[in-house]
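# Fold and geometry: a report
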Amino acid sequence: MAEKFKMKILCIGAGYVGGPTMAMIAHKCPQYKIVVVDINKEKIDAWNSDELPIYEPGLYDVVKSARGRNLFFSTDVDKWIKECSVIFVSVNTPTKTYGVGAGMAADLMYWEKTARRILECAESDKIIVEKSTLPVKTAQAMERILNSGENSRVKFEVLSNPEFLAEGTAMEDIKNPDRVLIGSMQTDSGIKARDVLCEIYSNWVDKEKILTSNIWSSELSKLVANAFLAQRISSVNSISALCEKTDANIDEITNAIGTDTRIGNKFLKASVGFGGSCFKKDILNLVYICRTYGLTEEADYWENVTKINRHQKQRFVLKMLSSMFNTLADKRICLFGFAFKADTGDTRETPALFVAKKLVEENAKVIITDPKAISNAKSDLSDYSLKIEYIVDPYEAADKSHAIAIMTEWSLYKELDYEKIFSSMEKPAFIFDGRNIVDHKKLYNIGFNVYPTGKSPLTHF
Ligand code: UDX
Ligand code: ADP
């Protein structure tokens with residue numbers, strides 16, 4: 001039976017980017033057949049079940065609306081490379097841990113393997129869409145690998161289409177993006193391929209929000225967008241340190257500066273530091289690229305954004321240590337939240353991991369609670385399993401603890417009965433708010449010694 005679909009689209013890599021993005025395309029465009037493949041069978045099985053491999057608000061309903069209709073998850077990478085004409089590549093590109101550029105450059109191993117797989121299996125022309133964040137000029141490398149085959153009858157056109165979704169709001173971000181960016185070669189065939197991708201997005205995105213550029217600008221825009229966002233947080237966090245030394249209040253400052261329309265009021269929240277899979281990786285990538293081109297001052301400038309971030313996490317732990325009489329040994333310290341931000345179970349680069357490890361080094365007894373991230377926390381901290389307890393219920397987790405440290409801005413932590421929590425804790429009871437989400441005055445009145453971020457502490461001593 002002839003297939004009824006107008007186009008067959010493949011996505012290689014069923015992770016945080018590939019899964020939600022393809023689910024939305026399938027949901028919005030029943031005329032296309034969308035297949036998402038991954039080498040990880042467990043992950044694919046989960047995408048085919050009621051327990052999706054990632055938590056993202058609204059994702060399950062979108063997947064359910066399309067799965068089995070025009071959205072399919074499979075491990076058969078080769079078969080679907082053959083069948084589909086548009087291939088999104090959304091495999092992981094972590095920071096390299098070995099060899100030249102270790103700790104800085106992007107590890108392109110998974111990405112290159114994917115390019116070679118495509119080359120080996122393709123029997124007809126393909127449009128390859130880079131979705132993973134990649135160093136500038138990767139598309140050129142991709143193009144070279146793809147066009148190095150014996151079979152020159154098959155033509156590959158490579159596009160860059162960086163993903164700007166943020167976890168926790170991914171579905172909304174994909175549905176109503178600020179912009180969709182598509183970079184292409186400026187050749188006739190490049191422009192033709194670009195138009196195919198524009199058409200896919202224009203099924204639900206306004207035409208004026210679909211920006212086109214040359215391929216290098218598109219690749220670099222993604223790194224720069226994340227570097228700017230991360231820089232904003234490091235800027236605010238550096239000022240939060242100054243506020244803690246003076247009587248200034250970081251929320252009052254960000255409120256004051258955020259009303260300047262040139263600055264804007266978003267992304268100005270002081271915190272225990274930024275986390276997530278993108279910011280640090282992308283900045284280090286940018287730094288590495290600058291160094292490659294001999295741009296030492298520029299590289300140093302951006303590298304400081306990550307240095308301040310590390311310092312902010314370190315400062316948080318030192319604040320706990322010094323305020324709790326310079327010893328944490330044998331004290332029960334409860335971390336409220338482990339995910340790198342609210343509304344996700346993702347713990348990649350989460351500041352809570354840094355804090356938990358440092359507390360264990362101080363011989364504290366660490367208790368971790370989080371509504372979605374406990375299983376990731378357990379695997380991140382598997383080497384520390386004897387020193388850490390995991391308890392889903394926050395009241396139970398805080399029971400008999402000396403201190404609570406708020407790591408993630410889950411709204412549930414704003415609404416807890418802190419009188420009840422206070423009465424179950426060791427005294428003096430401390431609370432360190434790494435996200436400034438609870439009512440500090442109220443907690444102080446209950447009896448807590450309260451240490452906000454970027455504000456004077458409220459203590460009973
Ligand atoms: C980010 C970018 O926002 C997104 O466009 C890109 O595609 C991927 O990287 P994400 O990592 O999912 O998205 O989360 P984001 O909301 O940007 O938050 C990153 C980190 O910064 C989190 O740890 C968050 O808690 C922290 N943050 C954010 C702050 O500390 N203060 C803020 O004001 C905002
Ligand atoms: P991101 O946040 O960028 O989506 P993830 O790590 O969540 O990153 O997802 C990337 C996915 O790519 C993983 O599920 C991984 O198994 C998959 N992957 C890596 N290499 C390949 C490959 N060669 N073929 C298919 N899938 C791959």
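Residues numbered from 1 in each chain as written. Chains lettered and ligands numbered in written order. Predicted model: local features only at pLDDT ≥ 70, side-chain atom pairs only at ≥ 80, totals over all residues. Heavy atoms only, no water.

### Quick notes on the sheet that holds strand S14 (residues 449-451)
Hydrogen bonds between backbone atoms are what pair the strands of a sheet, whose relative direction is either parallel or antiparallel. If you walk across this open sheet you meet the six strands as S11-S10-S9-S12-S13-S14, and the pairing is parallel. Each edge of the open sheet is held by one strand with a lone partner, namely strand S11 (388-390) and S14. For this sheet, the mean angle separating the axes of adjacent strands, direction not counted, is 20°. Direction of pairing for strand S13 (residues 430-433) relative to S14: parallel, over a ladder of three bridges. In the strand pairing of S14, Ile431 is matched with Val450. Sheet contacts for helix H12 (residues 296-323): strand S9 (332-336), strand S12 (403-406), S13 and S14; angle to S13, the most-contacted strand, approximately 165°. Running at roughly 175° to S9, helix H13 (residues 351-361) makes contact with S9, strand S10 (365-369) and S11 of the sheet. (Pairing = 2+ DSSP bridges. Helix = DSSP H or I, 4+ residues; strand = E, 2+ residues; numbered from the N terminus. Axes fitted to C-alpha atoms, helices over the stretch in contact; angles between N-to-C directions. Contact = heavy atoms within 4.5 Å.)

### Considerations on unusual backbone geometry
Residue Pro428 follows Lys427 across a cis peptide bond; omega there is -5°. By the secondary structure assignment, Pro428 is in the loop between helix H16 (418-424) and S13. If you check the backbone angles, Phe325 has positive phi at about 65° while not being a glycine. A positive phi angle is found at Asn326, which is not glycine, with a value near 65°. Position of Asn326 among the secondary structure elements: in the loop between H12 and S9.

### Focus: the domain arrangement of the protein chain
We note that the domain assignment places domain 1 (7-205) and domain 2 (214-461) within the protein chain. Taking only C-alpha atoms into account, the centre of domain 1 sits 32 Å from that of domain 2. Domain 1 puts 38 residues into the contact, and the matching count from domain 2 is 29 residues. Here domain 1 meets domain 2 over a buried area of about 2600 Å², counting both sides, of which 61% is carbon and sulfur. Applying the counting rule to domain 1 against domain 2 returns one salt bridge. Where domain 1 touches domain 2, the interface holds seven residue pairs in polar contact (both at pLDDT 80 or more). Broken down by secondary-structure element, the contributors of at least two residues to the side of domain 1 that touches domain 2 are helix H6 (138-146), strand S6 (156-160) and strand S7 (180-184). (Domains from an automatic or database assignment. Buried area = accessible area lost by both parts, 1.4 Å probe. Salt bridge = Lys/Arg side-chain N within 4 Å of Asp/Glu carboxyl O. Polar contact = N/O pair within 3.5 Å; in protein donor to acceptor, adjacent residues only side chain to side chain.)

### Some thoughts on the environment of Phe274
Along the chain, the position of Phe274 falls in the loop between helix H10 (250-258) and helix H11 (279-292). Given a relative accessible area of 7%, Phe274 falls into the buried group. Spatially, the C-alpha atoms of Phe274 and Glu409 are 12 Å apart, while their sequence positions differ by 135 residues. Each residue touching Phe274, except ones within four places of it in the same chain, is listed here: Ala230, Ile233, Ser234, Phe279, Lys280, Val305, Asn309, Glu349 and Pro351. (Buried < 20%, exposed > 50% of the residue type's maximum accessible area, 1.4 Å probe, protein only.)

### Comments concerning the site of ligand 2
Around ligand 2 sit 15 residues, and of these Tyr16, Val17, Asp38, Lys43 and Arg348 come closest. In this structure, Ile39 approaches ligand 2 through a main-chain N or O atom, which is 3.5 Å from a nitrogen atom. Residue Arg348 places a side-chain N or O atom 3.2 Å away from an oxygen atom belonging to ligand 2. Computed on the free molecule, ligand 2 has an accessible area of 580 Å², of which 86% lies beneath the protein chains in the complex. (Near = heavy atom within 4 Å. Areas by Shrake-Rupley, 256 points an atom, 1.4 Å probe, with all protein chains shown as cover.)

### Describing the site of ligand 1
Taken together, 20 residues form the shell around ligand 1, and within it Phe164, Glu167, Ser271, Lys341 and Arg435 come nearest. Within the side chain of Ser271, an N or O atom sits 2.6 Å from an oxygen atom of ligand 1. In the environment of ligand 1, an oxygen atom lies 2.8 Å from a nitrogen or oxygen atom belonging to the side chain of Lys341. Partitioning the shell around ligand 1 into residue classes produces eleven nonpolar, three polar and six charged. (Nonpolar A, V, L, I, M, F, W, Y, C, P; charged D, E, K, R; others polar.)

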